[in-house]
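An overview of the molecular structure
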Protein chains: 2
Amino acid sequence: MVDKKSPLPMYYQIEEDIKQRIEKEEFRPSDMIPSERELSETFDVSRMTVRQALNNLVSEGILYREKGRGTFVAEKKIEQPLQGMTSFTEDMKARGMEASSKLLVFEKTTAPFDISRKLNVKEDADVYKIQRIRYADQKPMAIETNYLSVDMFPDLDEQTVLGSLYSYVEKKKKQQIAKASQMIEATTADENQAVLLDIPVDAAILYIERNSILSDGTPFEVVKSAYRADRYKFISDIYRT
Amino acid sequence: MVDKKSPLPMYYQIEEDIKQRIEKEEFRPSDMIPSERELSETFDVSRMTVRQALNNLVSEGILYREKGRGTFVAEKKIEQPLQGMTSFTEDMKARGMEASSKLLVFEKTTAPFDISRKLNVKEDADVYKIQRIRYADQKPMAIETNYLSVDMFPDLDEQTVLGSLYSYVEKKKKQQIAKASQMIEATTADENQAVLLDIPVDAAILYIERNSILSDGTPFEVVKSAYRADRYKFISDIYRT
DNA sequence: CAGTGGTCTAGACCACTAC
DNA sequence: TAGTGGTCTAGACCACTGT
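Residues numbered from 1 in each chain as written. Chains lettered and ligands numbered in written order. Predicted model: local features only at pLDDT ≥ 70, side-chain atom pairs only at ≥ 80, totals over all residues. Heavy atoms only, no water.

Quick look at the domain arrangement of chain A
Segmentation of chain A into domains returns domain 1 (10-73) and domain 2 (88-228). Just the C-alpha atoms count here: the centres of domain 1 of chain A and domain 2 of chain A sit 40 Å apart. (Domains from an automatic or database assignment.)

Digging into the protein's contact with DNA strand C
Residues and elements named next belong to chain B. The immediate surroundings of DNA strand C are formed by 28 residues, with M10, Y11, S46, T49 and R69 found nearest. In DNA strand C, atoms within 4 Å of the protein come from the sugar-phosphate backbone in 64% of cases. Within the contact set of DNA strand C, a phosphate oxygen lies 2.5 Å away from a side-chain nitrogen or oxygen of Y11. In this structure, a phosphate oxygen belonging to DNA strand C sits 2.6 Å away from a main-chain N or O atom of S46. Top contributing element to the surface near DNA strand C by residue count: helix α3 (residues 47-59), with four residues. For the surface near DNA strand C, the per-class residue count stands at six nonpolar, eight polar and 14 charged. (Near = heavy atom within 4 Å. Polar contact = N/O pair within 3.5 Å; in protein donor to acceptor, adjacent residues only side chain to side chain. Helix = DSSP H or I, 4+ residues; strand = E, 2+ residues; numbered from the N terminus. Nonpolar A, V, L, I, M, F, W, Y, C, P; charged D, E, K, R; others polar.)

Some details on the environment of A:M1
Residue and element names in this part refer to chain A. Topologically, M1 is positioned in the segment before α1 (10-23). Classification of M1 as exposed rests on a relative accessible area of 71%. Residues M1 and I14, spaced 13 residues apart in sequence, show a C-alpha to C-alpha distance of 8.2 Å. (Buried < 20%, exposed > 50% of the residue type's maximum accessible area, 1.4 Å probe, protein only.)

Focus on unusual backbone geometry
Residue and element names in this part refer to chain B. You will see that E25, though not glycine, has its phi angle at about 60°, which is positive. Mapping E25 onto the fold places it in the loop between α1 (10-23) and β1 (32-33). A positive phi angle, close to 70°, is found at Q138, a residue other than glycine. Among the structural elements, Q138 can be located in the loop between β5 (126-136) and β6 (139-149). The exposed category is assigned to Q138, whose relative accessible area is 54%.

Brief notes about the protein's contact with DNA strand D
What surrounds DNA strand D is a group of 28 residues, the closest being A:M10, A:Y11, A:S46, A:T49 and B:R47. Counting only the atoms of DNA strand D that lie within 4 Å of the protein, the sugar and phosphate share comes to 65%. In this structure, A:Y11 approaches DNA strand D through a side-chain N or O atom, which is 2.5 Å from a phosphate oxygen. Between DNA strand D and B:S35, the relevant distance is 3.5 Å, taken from a phosphate oxygen to a side-chain nitrogen or oxygen of the residue. Of all elements in the fold, only α1 and α3 (47-59) of chain A together with α2 (36-42), α3, β2 (63-66) and β3 (70-73) of chain B reach the threshold of two or more residues within the surface near DNA strand D. Of the residues forming the surface near DNA strand D, the biggest block, four residues, is contributed by α3(A).

Brief notes about the packing of aromatic side chains
Two numbers describe a pair of aromatic rings. These are the distance of the centres and the angle of the planes. Residue and element names in this part refer to chain B. Under the defined criterion, the tally for this structure stands at 10 aromatic pairs over all chains. Between the aromatic rings of Y64 and F72, the centroid separation amounts to 5.5 Å while the plane-to-plane angle is 25°, which identifies the pairing as stacked. An identical accessibility class is assigned to Y64 and F72; each is buried. Here the aromatic rings of F153 and Y168 are separated by 5.8 Å at their centres, their planes lie at 45°, and the arrangement is tilted. A residue pair is termed long-range when its members are at least 10 positions apart, and F153 in the loop between β6 and α6 (158-162) and Y168 in helix α7 (residues 165-173) qualify at 15 residues. Across the pair, exposure class does not vary: F153 and Y168 are buried alike. (Phe/Tyr/Trp six-rings, centres within 6.5 Å; stacked < 30°, edge-to-face > 60°.)

Focus on the sheet that holds strand β2 (residues 63-66) of chain A
Residue and element names in this part refer to chain A. Across the sheet, three strands lie side by side as β1-β3-β2; this open sheet has antiparallel pairing. Edge positions in the sheet fall to β1 (32-33) and β2, since each of these pairs with one other strand and no more. Sheet topology places β2 next to strand β3 (residues 70-73); four bridges connect them, and they run antiparallel. Looking at the pairing, L63 lines up with V73 of β3. Seen against the sheet, α3 touches β1, β2 and β3 and runs at an angle of roughly 110° to β2. (Pairing = 2+ DSSP bridges. Contact = heavy atoms within 4.5 Å. Axes fitted to C-alpha atoms, helices over the stretch in contact; angles between N-to-C directions.)

Let's talk about the environment of B:G96
Residue and element names in this part refer to chain B. With respect to the helices and strands, the residue G96 is situated in the loop between α4 (88-94) and β4 (99-110). For G96, a relative accessible area of 63% gives the class exposed. Sequence-wise, G96 and D137 are 41 residues apart; in three dimensions their C-alpha atoms are separated by 9.3 Å.

Right, dumping it as structure tokens:
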């Protein structure tokens with residue numbers, strides 16, 4: 001049941017309970033789960049608390065509601081895509097590979113026009129330019145170039161870049177990283193990319209440009225990545241409105 | 001203020017009111033908006049109703065909360081990406097281009113293995129295979145191949161395909177289309193694709209495979225699209241958990 | 001008709017932040 | 001300490017679905 005003295009909120013405990021019952025196949029896909037009033041009695045909580053739990057599960061795509069009918073268990077996800085925004089290291093780990101990298105460039109430089117616009121800084125402002133080769137299982141996977149505002153992170157150094165850049169950012173700005181806007185395109189390798197990625201000139205490249213944003217809406221980073229198309233596919237979920 | 005007799009829910013009216021006040025710059029980015037208790041007084045509704053409105057705006061990325069401090073206006077989005085899952089026609093319209101298409105193939109056939117798995121049907125089940133060239137402003141943009149289960153849509157015909165496939169699906173299954181799992185890769189054009197898309201052999205192609213899913217979690221469609229990389233970039237937002 | 005989810009109220013106590 | 005958002009209660013009325 002639920003523990004009213006637990007530090008965990010009751011709606012969270014109810015979420016976990018229902019998820020487990022789906023896992024154990026006590027509730028199966030397209031089954032109706034007990035009504036909100038019934039759940040509020042069995043858990044001995046108010047109906048609003050049950051609704052908060054169910055709303056979260058609906059937004060996770062685990063349940064769905066039908067007006068006047070009930071709340072139902074959604075079909076199992078056939079292939080679990082990489083959910084959410086991840087670092088290269090997390091991404092490779094989820095794909096069962098080991099990530100490593102080699103730093104090519106770490107410098108302060110004047111922001112190129114497109115970068116200054118996307119970082120929301122002045123046109124001649126200084127930015128860090130960080131370029132790395134990213135390896136998966138010791139083989140080249142991508143060339144990644146990051147740009148961050150010097151103004152926003154005055155004390156950023158090479159040591160920090162070798163660790164987790166994202167946890168540094170979240171600690172520094174005392175804010176969560178909320179989301180990123182992405183642009184994905186296909187290109188072919190130029191000579192420089194071909195050498196660095198160990199592929200033929202004109203081989204297919206998956207090119208991703210990402211603009212990362214804090215929870216207050218401030219952009220803090222632009223990342224340009226050129227992935228070997230033979231080794232990397234981008235997987236995501238998109239939602240209809 | 002809010003109209004208590006309106007058929008629109010009060011939380012929705014409050015959402016719209018706050019969005020307008022941000023639009024009019026009455027509330028500016030990083031401003032604290034009035035507290036929940038204050039808003040509940042001025043709108044003359046309960047605090048829970050205000051919270052429902054604010055929660056929706058937070059999940060849209062328009063506001064953000066800080067525990068013990070208040071609720072704040074997020075920075076303006078610099079570039080508005082195409083939000084959510086769209087049809088080719090909607091996508092082109094948002095990019096300021098006119099969509100058209102030519103039907104190449106409409107047939108019933110036995111499902112290829114990968115398709116049957118993704119549509120969650122038996123291995124030898126019948127599926128529709130629909131292949132079209134998609135044009136933007138009269139120039140070839142993509143080759144799109146759709147697969148749908150014959151069992152799920154027994155009466156699908158060429159006429160329906162020429163209209164809006166998604167509204168047909170939503171009407172037929174009495175359910176909303178909820179989301180899609182996507183895989184994006186880069187390839188180079190083979191001879192057939194080069195001819196159909198009017199590009200050189202080995203030119204870059206952005207290849208997107210999409211598995212579309214109803215709100216009860218049932219997959220109903222697999223789409224494979226080969227886009228001309230010189231004309232098409234894929235834009236999206238991703239969220240950190 | 002009885003049952004369901006959708007909306008809403010008028011309170012309450014808590015943990016956290018800032019002064 | 002005063003104010004904030006986070007959680008929770010015990011009710012209520014509504015529109016909608018299925019029988």
